[in-house]
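Observations on the three-dimensional arrangement
Listed below are the residues making up each chain.
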Amino acid sequence: MKRIIPIVLTATLNLLLLNSVFAKVKLPAIIASNMVLQRNTDVTLWGWADANEKITIKTSWLSDELKFSADKSGNWNIKIQTTNSKAPQTIQLTSKTSDIILDNILFGEVWLCSGQSNMEQSVSGYGNDQPTFETLQTIARANNKNIRLFTVKRNGSKTPLNDIEKYNPWAEANTENVPGFSALAYFFGKQLQEILDVPVGIIHASWGGSSIQPWISNATMRTFQTVNLDDVDINKRTNHIPTALFNAMINPLIPFNIKGALWYQGESNRREPQKYKELFPAMVKDWRTRWGLGDFPFYYVQIAPYYYKDYDAFQSIMNSAFIREVQLQCAKEIPNSGIAILTDIGAEKCIHPPKKKEAAERLVFHALNKTYGFKGLDCESPVYKSMEIKEGGIELSFEHAERGLYAYGKLTGFEIAGADKVFYPADAQIVFKHKTVFVKSDKVPNPVAVRYAWSNWVVGSLFDTNMLPASSFRTDNWDNATRFNEKE
C-alpha cells in the first residue's frame, strides 16, 4: 500500500497539470504582438483552448467586449472588424485560466511572399559574388515602425500543421532584422508603405531550390499525381517533396487575413514547362479557396534570363525561354494576377539577379494599379499580339503598348524563320508610330515566324515607353524548330 499511494498521487498530479495546460488559451504564432492586421475589414482570430472554454476578447478600438466559447474539441475562431486607424492597438484575451495581452498592433496592408531562392534572397544577398544591390543604403534607412516583418522558416511536414513550428516573430523593421529578410519582399513592402502612407505587414515563407509541387496541398496535387509520403524521409530533399512545404509553411497561416500574395519561383521547374502551366494556376486557385477571401491579388515574377549550363539550348526544354513563355501565359489563366518581366535585369553568371529593388517595383506597379486604384499608373509589359507578313519581313503588333515601344539603341534578340523552321538572326526596327516591330533577314526571303529573346541568356532590348520590358515570345508553336549555326 505504501508503494501504491505515491503512484496514485503522481498520476493524479500529472492529470491535473495536463488539464491545466490544455485549459489555457493558445494563439497561433502568426497572431502576436507587433503584427499587422488587414485594415478596415473583418479579420479572423483563432486558436485553441480547453473544450468549451469561455473566452473574452477586449480590444482598444471596439467599445464592446466579445464573448464566445471554444468548441468541444477546444478550437475557436472569431471575426473582428478592424478600422483605418494608424494608431497602435491592443487585444486582450481572457478566460478562467488565461490573460493574454497583444500590443503594438497596427492596421494596414498584409502581403504574403513565397517562392524559392530569388524570393528568399536577403537584403544582404548571398555570399560567393551574389549580392543584392543597394544593401547598405537599404539597411541604413531600415528603421520604420510602420513596416512589420514575419518570417516562416524552412520546414516540411507529411501532413498539414495547425501552427508554424519555426519562425521569426512579428517585428518592426530595423537595422538588425532587415538585412536577413527577403529583399524582394522588403523592397515591395517599403515602397508600398511609403506610397500608400499606411502600415504594411510582410509575411515571408520561401525555400531556396524548391519546385512548385511542395507548395501545393495534397487535395490539389492528387488531381495531378499520386501522393503517398508514408515511406518518405521528410528531412531529405524536403523542398522537392509534394505538399511538404504547403503543409508546414502555408497551411498554418490560414485563415490570417492577407491583402494579396507575391510569388517568385520557377527555376526548379524549368524543365517541365507544360506541367508548370497546369500546376501554377491550380496552386493559386487552391490557396484562394482555402483562405476564403475571394480571388485576392496574386502577383508574380517571371524568372530572369541566366546562362545555365545549356547556353546553346533552343528547341529543347533546357531553354528557359519555354518556362518564361508559360509564366507569361499564366497571367491570362489566373484571374486578378500580374507578372513582372525581368528580361532586362538578369545576370549572365548568377541565377540570383542582384536588382531585387527593380523587380519589386514592377510588382508594386501591379498592386497600385490593380489593387489600390492607381489607374493612371502603367504596370503591364508589352505582350506580342499578332503578326503580318509583308515586304519580305514580318510586322509584329503588341498589347499594352498604347503609348508606343522603345529601345535604348538597336533592337537585338530577334530571329526569323521560313517554312523550313530554321531560325536566323534578324534585323528589327520599331515602326508605325512606334507601335509595331518590323523583323527581316536576307537569309529568309519568305518568312513565316519570329522569336524574341529565345535563349537561356539574353539581354532584353524591347520596352514600352514606360520602360517595362517585353517577355521572351514566339509567333509559332513548333516543336521541331532549329537555329542556324554558321559553324556547321
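In this report, the structure presented in the accompanying data block is examined. Only a predicted model underlies this, so the values are computations on that prediction, with no experimental measurement involved. (Residues numbered from 1 in each chain as written. Predicted model: local features only at pLDDT ≥ 70, side-chain atom pairs only at ≥ 80, totals over all residues. Heavy atoms only, no water.)

**Brief notes about the packing of helix H4 (residues 183-196) against helix H9 (residues 356-371)**
Between H4 and H9, whose axes approach to 8 Å, the crossing angle comes to 50 degrees. Overall, the two elements H4 and H9 adopt an arrangement that is oblique. Here the hand of the crossing between H4 and H9 comes out right-handed. Contacts between H4 and H9 pair Ala183, Leu184, Phe187, Phe188, Gln191, Leu192, Ile195 and Leu196 from the former with Lys356, Lys357, Ala359, Ala360, Glu361, Leu363, Val364, Ala367 and Leu368 from the latter. Here the contact of H4 with H9 is built from residues that sort into 13 nonpolar, one polar and three charged. (Axes fitted to C-alpha atoms, helices over the stretch in contact; angles between N-to-C directions. Helix = DSSP H or I, 4+ residues; strand = E, 2+ residues; numbered from the N terminus. Parallel < 35°, antiparallel > 145°, perpendicular 65-115°, else oblique. Left-handed = near helix turned anticlockwise from the far one by under 90°. Contact = heavy atoms within 4.5 Å. Nonpolar A, V, L, I, M, F, W, Y, C, P; charged D, E, K, R; others polar.)

**Concerning the packing of helix H7 (residues 273-291) against helix H8 (residues 321-333)**
Two numbers describe how H7 lies on H8: the axes approach to 9 Å, and their chain directions differ by 30 degrees. Here H7 is positioned roughly parallel relative to H8, judged by the angle of their axes. When you trace H7 past H8, the crossing you get is right-handed. Across the interface between the two elements, Pro273, Gln274, Tyr276, Lys277, Phe280 and Pro281 from H7 touch Phe322, Ile323, Val326, Gln327, Gln329, Cys330 and Glu333 from H8.

**Details of the nonpolar core**
Membership of the largest hydrophobic core comes to 79 residues, with the highest contact counts inside it found for Trp76, Ile203, Phe280 and Trp287. The leading source of residues in this core is H7, at seven residues. If near-sequence neighbours (up to four positions away) are discounted, Trp287 is found in contact with Leu112, Ser114, Trp215, Phe246, Ile250, Trp263, Phe296 and Phe298. (Core = buried A, V, L, I, M, F, W, Y, C linked by side-chain atoms within 4.5 Å. Buried < 20%, exposed > 50% of the residue type's maximum accessible area, 1.4 Å probe, protein only.)

**A few points about the packing of aromatic side chains**
Per the stated rule, a full pass over the model turns up 29 aromatic pairs. With centroids separated by 6.2 Å and ring planes inclined at 90 degrees, the aromatic side chains of Trp215 and Trp263 adopt a geometry described as edge-to-face. With Trp215 in the loop between strand S10 (200-206) and helix H5 (218-221) and Trp263 in strand S11 (residues 260-264), this residue pair connects regions lying 48 residues apart in the sequence. Each member of the pair, Trp215 together with Trp263, is buried. Centre to centre, the rings of Trp263 and Trp287 are 6.0 Å apart; their planes meet at 90 degrees, and the pair counts as edge-to-face. One end of the pair, Trp263, is in strand S11; the other, Trp287, is in helix H7, and 24 residues separate them in sequence. Assessed through its relative accessible area of 0%, Trp263 is described here as buried. According to the relative accessible area criterion, Trp287 is buried, its value standing at 1%. Three or more aromatic residues joined by ring pairs make a cluster, and in this case those are Trp215, Trp263, Tyr276, Phe280, Trp287, Trp291, Phe296, Phe298 and Tyr300. The residue whose ring lies beneath Arg270 is Tyr308, and the NZ or CZ to ring-centre distance is 3.7 Å. Positioned above the aromatic ring of Tyr307 is the side chain of Lys349, whose terminal nitrogen or guanidinium carbon lies 3.9 Å from the ring centre. (Phe/Tyr/Trp six-rings, centres within 6.5 Å; stacked < 30°, edge-to-face > 60°. Lys NZ or Arg CZ within 6 Å of the ring centre and 35° of its normal.)

**Quick notes on H4**
Compared with an ideal rise of 1.5 Å per residue, which puts 14 residues at 20 Å, H4 spans 20 Å between its outermost C-alpha atoms and is within 8% of the ideal. Within H4, 12 of the 14 residues are buried, which leaves the element mostly enclosed by the surrounding structure. Along H4, the residues classified as buried are Ala183, Leu184, Ala185, Tyr186, Phe187, Phe188, Gly189, Lys190, Gln191, Leu192, Gln193 and Leu196. The N-terminus of H4 is capped by Ser182, whose side-chain oxygen sits 3.1 Å from the backbone nitrogen of Ala185. Remark: Asp197 follows H4 within two positions and exhibits a positive phi of approximately 60 degrees. (Expected span 1.5 Å × (residues − 1). Polar contact = N/O pair within 3.5 Å; in protein donor to acceptor, adjacent residues only side chain to side chain.)

Coordinates in, geometry out; function isn't part of it.
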